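Close look at the chain arrangement
Read off the chains here:
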Amino acid sequence: METHATSRKRNTLLRNLKWLLKTLWQHDKLAVFFMTVASVAEAVVPMVVVLIPKLVLDAIESSENVKALYGIIAALGLLLFAAHSAATWSSNQLWPRYSVFRMQLVSLFGRKFMNMNQEDIENPRILDFSQKADNAVQDDFNGVEGMLYNLTEILNRALVVIGCSAILSNLNAVVILVLAIIVSINFYVNLRNRHVEKSILDSLSTVFRQTDYIMEATKNFKFGKDIRLFGLGKWLSDKFWSVVSVDIEKSWLLRKRYIIIDAVYNIGVVVQEAALYAWLIYKVLYAEMSIADFTMYAAAVRAFSSNLGQLLERFTGYLQQNWRIDDYLAFIELPIPDTGLERLPLTPDRNAAYTIEFENVSFKYSGRDEYALRNVSIVLKPKERLAIIGLNGAGKTTFIKLLTRLYEPTEGRILLNGTDIRHFDKQTYYKMFSVVFQEIMMFAFSVKENVAVQEVSELDAARVERAVQGAGLGGKIANLPKGYDTYVQKVLDEEGIEFSGGQNQKIALARALYKDAPIVVLDEPTSALDALAEYEVYQSFDRMIGDKTAIYISHRLSSTRFCTNIAVFNDGRIEEYGAHQELIAQGGTYKKMFDMQAVYYSNEVKVVG
Ligand SMILES: Nc1ncnc2c1ncn2[C@@H]1O[C@H](COP(=O)(O)OP(=O)(O)OP(=O)(O)O)[C@@H](O)[C@H]1O
């Protein structure tokens, strides 16, 4: 994956253009229509402006044609008005349409990110890559929208250039050639500059990611208490500036280049104008060119060179945006690695019996030398309750991450009813599990949406209530004025409620109950509860899940001693395994840990025991 991301060849201009127009057409056909109208209408205006002086002067010179003069002026006025109106109308249609189109691509980007493997989205190189892709859809002026605007401009400038060339070809083809050469030199210098700009922006993607992270951390209200009490303001602000200073330094470098480019461009324009006027004046004085023709050619020359200049300028802009589109497509088209194994069917069924087996499984996180799990072999039978305990960093969560296929084992196999889980489609396999991790993810939406993680119109309200009651929060929610419609946090609703850490954990437990998947995993989601509350929640939760297979991770051994089996993890290995009484009888690590806790929770031990 990483290799693909960093070594992928760029697409051709045409392929990206085809993709862009095809995708725009699929999303909004009218946008393509308005784009065409805007391009043509905007080209008509300068062409009329070029022709007006000649037509008027010709009419004035032939005195019998005064009536025709008024007719011509009226017709041109009408044409100008119609072209202006069509251009303005179409352009105004385009702005919102392009924005909506960009939002659709933002959403596609988000979906791609969410479908990627957990391991990949933790990889800093892939993250830089996604940051670059994100640049293509971040604002109204760059990336997708920038490319579409440039395209409209390129079309209308090209039409004007073609029109002016037709006029000027009557005069002298050499003039067109000289003009084209001057404009092309400017174009080349400009293009080089855009290349440099792109490479600077690419090198800044890490900086942008870091500044985003720091800004997010300063705004994140969850960090608010620590930021204030630990006085983190200065530290974070210093960090911000040390990262931003790299950005500022590179931006200055870019500005200096722009100044040089502008100077080259301006010299080109002055030389070009002076030479042309000199030549046209010569034609009037010595080659019998009429004043009417002089004005038309002078206007055509100016329109030709400025529109060709703009055309090329827009083209470099277009190229630059094309590179961004390329970054976007490269990310969107990143293949999600496949196991290459034969795909076998899987239908998660909450009533079916599932046996899980870890067969000599070892695992290393990418970029780490040491194993997080080492030769783990364990069988989890249907309806079994397995407790996993162990010190911090012993590998408990890693075990769950492998079981749920957030990561793939480095060595060994995991089997579900005897089949290697890599044979199953990942998205279907995810449906096998209701997992609650230590870090609780709460959304600033209503309680019921947080439990069902579905749109209000789709969720089953009665099931939400049962799940919340099972998680031990039914009374609290029922007593709130807005009940299950109460918003979590105040971000989206002034009357939203900030739940306590323990209450948030209960909502997360309710989410797992609501999902009703065949296998349940609680990875220490109850640490914010007091010991008695945790014990009660476990009992209630365990009753609610009925015959399902469950894995419970907790540092409080009294909460999980009821489990069928207990696995004690130490340094990535299973050190002890068996039922509570067996492990106590063995007198090893488990007994030591249990005895130690029993002293602190003596009251609770009585309750449990
Ligand atoms: N995403 C990661 N990348 C690299 N190393 C990781 C990652 N996650 C965990 N580790 C490392 O793997 C080892 C096992 O971590 P794990 O989270 O499985 O421990 P744990 O037993 O769940 O700990 P705790 O009780 O603190 O939650 C630790 O040394 C940890 O530093």
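What counts, and where the lines are drawn
- Residues numbered from 1 in each chain as written.
- Predicted model: local features only at pLDDT ≥ 70, side-chain atom pairs only at ≥ 80, totals over all residues.
- Heavy atoms only, no water.
- Axes fitted to C-alpha atoms, helices over the stretch in contact; angles between N-to-C directions.
- Helix = DSSP H or I, 4+ residues; strand = E, 2+ residues; numbered from the N terminus.
- Parallel < 35°, antiparallel > 145°, perpendicular 65-115°, else oblique.
- Left-handed = near helix turned anticlockwise from the far one by under 90°.
- Contact = heavy atoms within 4.5 Å.
- Nonpolar A, V, L, I, M, F, W, Y, C, P; charged D, E, K, R; others polar.
- Domains from an automatic or database assignment.
- Buried area = accessible area lost by both parts, 1.4 Å probe.
- Polar contact = N/O pair within 3.5 Å; in protein donor to acceptor, adjacent residues only side chain to side chain.
- Pairing = 2+ DSSP bridges.
- Buried < 20%, exposed > 50% of the residue type's maximum accessible area, 1.4 Å probe, protein only.

1. Quick notes on the packing of helix α18 (residues 501-515) against helix α19 (residues 531-544)
Direction vectors running N to C along α18 and α19 enclose 15°, while the axes themselves pass 11 Å from each other. With respect to α19, the element α18 is oriented roughly parallel. Between α18 and α19 the crossing geometry is right-handed. Residues Lys-506, Leu-509, Ala-512 and Leu-513 of α18 form the contact with α19, whose participating residues are Val-537, Phe-541 and Met-544. Taken together, the residues that form the contact of α18 with α19 break down as six nonpolar, no polar and one charged.

2. Things to note about the domain arrangement of the protein
Domain boundaries in the protein define domain 1 (2-26 + 93-332), domain 2 (356-441 + 518-608) and domain 3 (443-498). On a C-alpha basis, the centres of domain 2 and domain 3 stand 29 Å from each other. Across the boundary between the two partners, domain 2 contributes five residues, which contact six residues of domain 3. Overall, the association of domain 2 and domain 3 removes approximately 370 Å² of surface from exposure, summing both partners, and the carbon and sulfur fraction of that is 64%. Summed over the shared surface of domain 2 and domain 3, the result is one residue pair in polar contact (both at pLDDT 80 or more). Here the residues of the side of domain 2 that touches domain 3 are counted per class, giving four nonpolar, one polar and no charged.

3. A few points about the sheet that holds strand β10 (residues 573-578)
Pairing within the open sheet is mixed, and its six strands lie in the order β6-β7-β8-β3-β9-β10. The open sheet is flanked by β6 (433-436) and β10, the only strands paired with a single partner. Across the sheet, the mean angle separating the axes of adjacent strands is 15° when strand polarity is ignored. Contacting β6 and β7 (519-523), α18 crosses the sheet at an angle of about 180° to β6. Of the strands in this sheet, β3 (385-390), β7 and β8 (549-553) are in contact with α19, which crosses β8 at around 165°.

4. Description of the side chain of Thr-549
Residue placement: Thr-549 occurs in strand β8. Assessed through its relative accessible area of 4%, Thr-549 is described here as buried. Among the polar contacts listed, one links the side chain of Thr-549 to the backbone nitrogen of Lys-383, at a separation of 3.2 Å. When sequence neighbours within four positions are dropped, the list of residues in contact with Thr-549 reads Tyr-354, Leu-380, Lys-381, Pro-382, Lys-383, Glu-384, Pro-518, Ile-519 and Val-520.

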